[in-house]
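Commentary on secondary and tertiary structure
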Amino acid sequence: MNLLRPLRLLIPFVAIAAALGLFLGVGFVLFSAGSGAGRSQSFGPCDAGLVGGGSGIRASNLSDEQRRNAAIIIQTARNMGAPPRAWLVALATAMQESTLRNINYGDRDSLGLFQQRPSQGWGAPSQVTDPVYSTTIFIQRLLAVPGWADMPVTVAAQIVQRSAFPDAYAKWEGLASDLVQQLADVSDPAGCGQTATLPQGAAGAAIAFALDEVGKPYVWGATGPNTYDCSGLMLRAFQSAGINLPRVSRQQFYAGGHVPVSQAQPGDLLFYASDPSDPSTIHHVMLYMGNGQMVEAPYTGQSVRVQPVPWNYSELVPLATRPGTSPNRA
């Protein structure tokens, strides 16, 4: 019996070690689930619009100061010979870092449009608060990153900036693209393949048809002529314009090229989804009329109506569909 006594003394220590191992194992599993460890995600340069939605801010919402600084960034980058996608990365970065304001304060010694730190070799305080200088050095470092043009905007920006919030830049891509198009007249700054324009008159014909149906009741599964559901109204509207759409909203999402909702034009289809990053969860479709307005057959108890587009609505899918045009990777 005396021989077993040392073993009995070890039992509490063994139990404690086992409990500690179980605790660490469960902790690792929970951490992996929460952080995405063990899952493989690979996003290309044109996929950011499918991840995390957007800011909901459009170029028209910016102040004169913000637009002026955006114009300086674009012109400086253009003068350096950088392609439009580099301008887009710079604009998204500056919007995240300073909201496109040339501020003289920030975290630790961060300053200027890009919140560059003199202590980290970006330049003197007087330099990093000069919009031309700060843009120049940002573009220089961006262009020095191997393969930057094939990276999502948020990845390219993070490699240059080394932010504590590496995914934050993605939400500004739509706004940055909008700014490049408006201020520099570049139609496809992301370089993802410009979606074709609807045939002449098709958008107007589809919108005119839908407007003629305003006031008719919503009935699920109805395709006219006296009642409609959401996709039934789109089906008939585009049929009147010579474009045949699939029957349901989830299928209509794939009935043409995609553009970020910030670039929507009259005649484009907008969508709601329970998970805006997953097109399989789409449950509603609307027809964009321009000027922030849409026409839709909403739901039971309501009639076909014209409404402002809720750009900040959490279920708005970040991509619009341009019916009858070639699919792309927007």
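Structure first, text after, so check above.
Residues numbered from 1 in each chain as written. Predicted model: local features only at pLDDT ≥ 70, side-chain atom pairs only at ≥ 80, totals over all residues. Heavy atoms only, no water.

Examining unusual backbone geometry
The omega torsion across glycine 224 and proline 225 is 0 degrees, close enough to zero to call that bond cis. Tracing the sequence through the fold places proline 225 in the loop between α8 (202–212) and α9 (230–239). Within the chain, arginine 108 stands out as a residue other than glycine whose phi angle is a positive 55 degrees. With respect to the element layout, arginine 108 can be found in the loop between α3 (84–98) and α4 (125–128). A residue is classified by how much of its surface remains accessible, and arginine 108, at 64% relative accessible area, is exposed. One non-glycine residue, glutamine 115, lies in positive phi territory at about 50 degrees. (Helix = DSSP H or I, 4+ residues; strand = E, 2+ residues; numbered from the N terminus. Buried < 20%, exposed > 50% of the residue type's maximum accessible area, 1.4 Å probe, protein only.)

Re the packing of aromatic side chains
Counted according to the given criterion, the structure contains 5 aromatic pairs. Centre to centre, the rings of phenylalanine 253 and tyrosine 254 are 5.1 Å apart; their planes meet at 85 degrees, and the pair counts as edge-to-face. What makes phenylalanine 253 buried here is its relative accessible area of 2%. On the accessibility criterion, tyrosine 254 (53% relative accessible area) is exposed. Both rings, one in phenylalanine 253 and one in phenylalanine 271, keep their centres 5.4 Å apart while their planes meet at 80 degrees; by these two values the pair is edge-to-face. Here phenylalanine 271 lies in strand β2 (residues 269–273) and phenylalanine 253 lies in the loop between α10 (249–252) and β1 (256–260), a separation of 18 residues in the sequence. Taken together, Phe253, Tyr254 and Phe271 form an aromatic cluster joined through their ring pairs. When the ring centre of tryptophan 122 is taken as origin, the NZ or CZ atom of arginine 141, which lies over that ring, is 3.9 Å away. (Phe/Tyr/Trp six-rings, centres within 6.5 Å; stacked < 30°, edge-to-face > 60°. Lys NZ or Arg CZ within 6 Å of the ring centre and 35° of its normal.)

A few points about helix α6 (residues 153–161)
Given 3.6 residues per helical turn, the α-helix brings residues three or four places apart onto the same face. The set of residues buried in α6 consists of Val153, Thr154, Ala156, Ala157, Val160 and Gln161. The buried residues of α6 occupy an angular sector of 165 degrees when the element is viewed end-on, so they sit on one face. Phi turns positive, to about 55 degrees, at arginine 162, one or two residues after α6. (Arc of directions from axis to C-beta.)

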